[in-house]
Amino acid sequence: MKRNQLIKNEILYWLCRHNQLVRTGFVEETGLRPASVFQAIDELKKTGLIIEPDRKSSRTGRRSPPLYLNKDYCWLAGIDFQCRKTLGTVIDFTGEVIASVETS
């Protein structure tokens, strides 16, 4: 697997665990090269997987705005078949429940 893809995977894993990521904090925590991290973030933003709602331009000054998983990127459905009932749940990309149903 290419190094860039490994960095993207680490970014997504971080966001799943912490709900947000700040570029500089992530670089400090992981020890990765800033240019590599920023390139991976830009690529993930282009695909729509992550968003940076507070960034209005390429330069934001001293503080980096936080990045988040794009909750509207996709919805995931799960079905649990049990002996006497069936449970179904739909969640967004951040894990928030959109809908759930139980049938007997």
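Whatever comes next refers back to the structure up there.
Draft legend 1. Looking closely at the packing of aromatic side chains. As enumerated under the stated definition, the model contains two aromatic pairs in all. With a centroid separation of 5.5 Å and an interplanar angle of 85 degrees, the aromatic rings of Trp14 and Phe26 are classed as edge-to-face. Of this pair, Trp14 sits in helix α1 (residues 3-18) while Phe26 is found in helix α2 (residues 23-30), placing the two residues 12 residues apart along the sequence. Residue Trp14 is classed as buried on the basis of its relative accessible area, which comes to 15%. Judged by relative accessible area, Phe26 falls into the buried class, the value being 0%. An angle of 50 degrees between the planes, with centres 5.4 Å apart, marks the rings of Tyr73 and Phe93 as tilted. Of this pair, Tyr73 sits in the loop between β2 (68-69) and β3 (75-81) while Phe93 sits in the loop between β4 (86-92) and β5 (97-103), placing them 20 residues apart in sequence. A relative accessible area of 39% places Tyr73 in the partly exposed class. We classify Phe93 as partly exposed; its relative accessible area is 22%. Taking the ring centre of Phe38 as reference, the NZ or CZ of Arg23 above it sits at 5.4 Å.

Draft legend 2. Representation of the nonpolar core. Core analysis: the largest hydrophobic core is formed by 17 residues, its most contacted members being Ile11, Leu21, Phe26, Val37, Ile41 and Ile50. Mapped by element, the contributors of at least two residues to this core are α1, α2 and α3 (34-47). If one sorts the elements of this core by residue count, α1 sits on top with five residues. Apart from the residues within four sequence positions on either side, Leu21 is in contact with Ile11, Trp14, Leu15, Phe26, Ile41, Pro65, Pro66 and Leu67.

Draft legend 3. Layout of the environment of Asn9. Assignment of secondary structure puts Asn9 in helix α1. Here the alpha-carbon distance between Asn9 and Pro65, two residues 56 residues apart in the chain, equals 20 Å.

Draft legend 4. Spotlight on the state of the cysteines. Going through the model one piece at a time under the given rule, you end up with zero disulfides. Here Cys16 stays unpaired: no disulfide links it, and the sulfur of Cys74, its closest cysteine neighbor, is 10 Å away. Owing to a relative accessible area of 54%, Cys16 belongs among the exposed residues under this scheme.

Draft legend 5. Seen up close, α2. Along α2, the residues classified as buried are Arg23, Phe26 and Val27. One side of α2 holds all its buried residues, which, seen down the axis, span an arc of 100 degrees. Exposed side chains of α2 directed beyond 90 degrees from the buried face belong to Glu28 and Glu29. Here the buried face of α2 lies against α1 and α3.

Rules of the game
Residues numbered from 1 in each chain as written. Predicted model: local features only at pLDDT ≥ 70, side-chain atom pairs only at ≥ 80, totals over all residues. Heavy atoms only, no water. Phe/Tyr/Trp six-rings, centres within 6.5 Å; stacked < 30°, edge-to-face > 60°. Helix = DSSP H or I, 4+ residues; strand = E, 2+ residues; numbered from the N terminus. Buried < 20%, exposed > 50% of the residue type's maximum accessible area, 1.4 Å probe, protein only. Lys NZ or Arg CZ within 6 Å of the ring centre and 35° of its normal. Core = buried A, V, L, I, M, F, W, Y, C linked by side-chain atoms within 4.5 Å. Contact = heavy atoms within 4.5 Å. Disulfide = S-S within 2.5 Å. Arc of directions from axis to C-beta.

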